[in-house]
Structures are given as C-alpha cells and as structure tokens.
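Residue strings, one per chain:
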Amino acid sequence: MHCTDTRSLKRGMRWFAWGALPLALAGCGSSPSAPTAPTAAGPSTKLAAPAATKNWTDFKIQAARRIVEANPNGVYTGAPQQVLLAIPVLEVELNADGSIKRIEVMRRPGQAPETLQMAIDAVKRAAPFGDVSKLPKPWKFTEVFLFNDDKRFKPRTLDAL
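Definitions and cut-offs
- Residues numbered from 1 in each chain as written.
- Predicted model: local features only at pLDDT ≥ 70, side-chain atom pairs only at ≥ 80, totals over all residues.
- Heavy atoms only, no water.
- Helix = DSSP H or I, 4+ residues; strand = E, 2+ residues; numbered from the N terminus.
- Buried < 20%, exposed > 50% of the residue type's maximum accessible area, 1.4 Å probe, protein only.
- Contact = heavy atoms within 4.5 Å.
- Axes fitted to C-alpha atoms, helices over the stretch in contact; angles between N-to-C directions.
- Parallel < 35°, antiparallel > 145°, perpendicular 65-115°, else oblique.
- Nonpolar A, V, L, I, M, F, W, Y, C, P; charged D, E, K, R; others polar.
- Expected span 1.5 Å × (residues − 1).

A. Layout of the side chain of Thr115. The residue Thr115 is located in helix 4 (residues 114-126) in this model. For Thr115, a relative accessible area of 0% translates into the label buried. With sequence-adjacent residues up to four places away left out, Thr115 is seen in contact with Ala86, Pro88, Pro109 and Phe147.

Right under this line is the structure:
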C-alpha cells in the first residue's frame with residue numbers, strides 16, 4: 001500500500017476510527033527527508049503533581065493531558081488533519097511511583113521518522129505520571145501520537161474524548 005493511494009488512505013482512516021490504527025497503517029509510508037521539527041518544550045515547564053486515579057481509563061486521560069501540558073510548543077488542538085504526517089505508537093511501562101521504567105515502540109512511522117524521538121521525549125518531559133501502585137498490573141499504558149504537517153502532535157487519547 002502506498003500512502004499516495006487515496007482509496008487506501010481513506011480505508012486506513014476508517015480503520016483508524018475503529019481503533020485499528022497500528023494494523024491499518026502498518027505498511028504505510030516512505031522515508032523522505034523532512035525539515036527540522038519545532039522544539040516541543042518551551043522554557044522549563046513546571047507540572048503540578050498528578051492526582052490519584054481510580055482506574056486505567058482515568059489514568060490514561062490524565063497522562064495524555066500531562067503530556068500536552070509538558071509540551072506546550074509541540075502540540076495542537078482541534079481535529080487532526082485528514083491525512084496525518086506520522087503516527088508513532090508508544091507503550092510506557094511505569095514503576096509504582098509513576099516514573100518511567102521503560103518505553104517500547106509499538107509502531108515506527110515510515111514517514112517523518114524523527115517524530116518517534118519527539119514522542120519519546122514528550123513522554124519523558126511529562127513524567128512522573130503519579131502513583132500507580134493501587135492500579136492493577138501491568139503498570140503500562142499505550143499512547144498514539146497524531147502528528148500533523150507542522151510536526152506538532154495530539155495524543156490520540158484526547159482526540160477520542
């Protein structure tokens with residue numbers, strides 16, 4: 001499948017709407033050179049302490065909001081553009097205190113590969129995410145980063161609200 005094939009892209013976006021993003025876009029993309037990305041973080045952003053959450057759904061929403069707050073110059077609001085530049089997917093494993101134990105790449109974008117590191121850095125800037133010791137194990141969450149042509153992202157978790 002080529003990303004320039006309109007029918008394939010439309011079909012892929014329908015799958016995306018149903019939550020099958022990694023499967024729908026797994027073969028999409030080429031690796032053209034891209035312009036330098038905007039700096040995601042502004043001056044040192046001081047984040048408030050995360051609130052306690054009762055379940056993983058609330059935790060994931062809070063984590064996505066925290067990622068946005070920690071990266072004010074690297075995010076966009078509103079609806080994502082119809083055809084996105086890149087869609088990296090990360091699984092973040094946490095320690096009991098909410099600090100990052102490990103970040104695993106679930107999907108590497110074929111286009112604009114530098115957005116993968118931008119997503120990883122955005123997650124690191126947002127840490128720690130708050131105590132997860134009372135939530136069921138495994139202490140992991142997945143976030144999909146929807147990058148637009150300006151190399152700004154929106155966490156998919158917030159787009160689904």
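B. Spatial organisation of the packing of helix 3 (residues 56-70) against helix 4. In the contact formed by helix 3 and helix 4, the axes pass within 8 Å of each other and the chain directions differ by 100 degrees. Taken together, the axes of helix 3 and helix 4 are roughly perpendicular relative to one another. Side by side, helix 3 and helix 4 meet where Arg66, Ile67 and Ala70 of the first sit next to Ala122, Val123, Arg125 and Ala126 of the second. Across the contact of helix 3 with helix 4, the residue classes break down as 5 nonpolar, no polar and 2 charged.

C. Geometry of helix 4. Between the first and last C-alpha of helix 4 there are 19 Å, a value that for 13 residues agrees with the 18 Å anticipated at 1.5 Å per step. Every buried residue belonging to helix 4 is among Thr115, Leu116, Met118, Ala119, Ile120, Ala122, Val123 and Ala126, and all of these are buried.

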